[in-house]
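Chain residues, written in single-letter form:
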Amino acid sequence: MGYKHILVAVDLSADSEVLVRKGAALAAPLGAKLSLIHIDVNYAQLYTGLIDINMVDVRHRMAEEAQAQLNVLAKQSGIPVTHTFVGSGDLADEITESISNFGIDLVICGHHQDFWSTLISSAKQLINRTPVDMLMVPLPS
C-alpha cells in the first residue's frame, strides 16, 4: 500500500529539517503529496495571572513567524509541498482534524529520547488518537 498524502509535524527547531527531509524522501518515490504542520501552544490558557499584552496581536505575530519558517522548510524539502498549516491548541486535536480535512494517510513526527520526553511527551497522546499510520523518528537529545 502506498501513501497518498504525508503530513510532517514540526516544532520549527533544527530537528524540523530532519523530519521534512524524511517526509520528502518518502513522498517523492510514491508520488505522494507532502504537507507540513506546526502547532503552537495556546499561551493564553497557560497563564492565569494579570498580563498587560494583547494576546491576539502576539498570537498573530507568532503565526506569521511560524508560517514564514514553514515556507522556508517547504522550499528546502526539494519537492512541492501541498499545504503548510499553522495552528494553536492541542496537538492531537489539530493533527486529527487535519487528517480528516485533507486526506492525510501518514503522519511523521519526531521524538526526543531524553529524560524530559519520558515525562512530558506528546508522542503518547498522538499515538493514542491518530487514526492513520505514524512514523515516529527518534531525534538526538
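Once a new chain begins, its residue numbering starts again from 1 and follows that chain's sequence as written. Residue-level local features of this predicted model are given only where pLDDT is at least 70; pairs of side-chain atoms are given and counted only at 80 or more, and the full residue set underlies all totals for whole chains, interfaces and linings. Only hydrogens and water are set aside when side-chain values are computed; all heavy atoms of the structure are taken into account.

(A) Local environment of the pairing of strand β4 (residues 106-112). One requirement defines pairing of two strands: DSSP has to find at least two bridges between them. By definition, any uninterrupted DSSP run of H or I lasting at least four residues is a helix, any uninterrupted run of E lasting at least two residues is a strand, and each is numbered from the N terminus. Bridge count for strand β1 (residues 5-9) against β4 is 3 bridges, and the pairing is parallel. Bridging across to β4, Leu7 finds its partner in Val107. The sheet contact formed by β4 and strand β5 (residues 133-139) spans 7 bridges and is parallel. Pairing of His112 across the sheet is with Leu139, part of β5.

(B) Quick look at the sheet that holds β5. The sheet built from 5 strands is open, its strands ordered β3-β2-β1-β4-β5 with parallel pairing. Edge positions in the sheet fall to β3 (83-88) and β5, since each of these pairs with one other strand and no more. For this sheet the average axis-to-axis angle between neighbouring strands, irrespective of direction, equals 25 degrees. As judged from the 5 bridges shared by β1 and strand β2 (residues 33-40), these two strands associate in the parallel manner. What sits directly across from Ile6, in β2, is Leu34. Here a residue-residue contact requires only that any non-hydrogen atoms of the pair lie within 4.5 Å. To define axes, lines are fitted to C-alpha atoms, for helices over the stretch in contact only, and angles between the resulting N-to-C directions are given on a 0 to 180 degree scale. Along the sheet, helix α1 (residues 15-30) contacts β1, β2, β4 and β5; its crossing angle with β4, the most-contacted strand, is approximately 150 degrees. On the sheet, helix α4 (residues 91-102) packs against β1, β2, β3 and β4 and is oriented at approximately 150 degrees with respect to β2.

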